[in-house]
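Below, each chain spelled out in residue letters.
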Amino acid sequence: MATTVQIVFDCASPRAVGDFWAAALGYVTDPPPPGFATWEDALQAWGVPQDQWDSKWAVVDPDGAGPRLFFQKVPEGKTVKNRLHLDLRISDPQATAQERDDAVMAAVERLEGLGARRLEWRFEEGRHFMVMQDVEGNEFCLT
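Residues numbered from 1 in each chain as written. Predicted model: local features only at pLDDT ≥ 70, side-chain atom pairs only at ≥ 80, totals over all residues. Heavy atoms only, no water.

**Brief notes about the sheet that holds strand β6 (residues 117-124)**
Phase 1 of the analysis: Taken in spatial order, the four strands line up as β5-β8-β7-β6 in an open sheet, and their pairing is mixed. At either end of the open sheet lies a strand with only one pairing partner, and these are β5 (86-88) and β6. When the angles between neighbouring strand axes are averaged without regard to direction, this sheet yields 25°.
Phase 2 of the analysis: The sheet contact formed by β5 and strand β8 (residues 139-142) spans three bridges and is parallel. Within the sheet, the bridge partner assigned to Leu88 lies in β8 and is Leu142.
Phase 3 of the analysis: This element, helix α3 (residues 97-113), spans β6, β7 (127-133) and β8 of the sheet and lies at about 10° to β7. (Pairing = 2+ DSSP bridges. Helix = DSSP H or I, 4+ residues; strand = E, 2+ residues; numbered from the N terminus. Axes fitted to C-alpha atoms, helices over the stretch in contact; angles between N-to-C directions. Contact = heavy atoms within 4.5 Å.)

In structure tokens:
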């Protein structure tokens, strides 16, 4: 059996963070189990109290190529820099430096519209990249 990868985020609001990453990556909400039209229908049928409906959320690559992202509610807030972060490669490595920078900045503006925040424009190993935070302050980079 092949090993698969799921990336797990600890967060305060799983659905909000999951919806951000779905929009950022072109992912979709993990479909509800067979026999249920929505996750709310499933949770209600299973007797999960409504105040616990935002305790977990997952998004998936609609093409099945990327890893599943799982978001779980935790009581503590984020207090330090992430020990792991996602790098989103949105520019063509074969493009000119200006074309790559333009692609990154267009993505920055789109993600800011979703609630992300830019932190720092960096230059390393001959390339620019933008360090950002998602809607709950989790760092990620755009190249």
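Next, the rest of the story.
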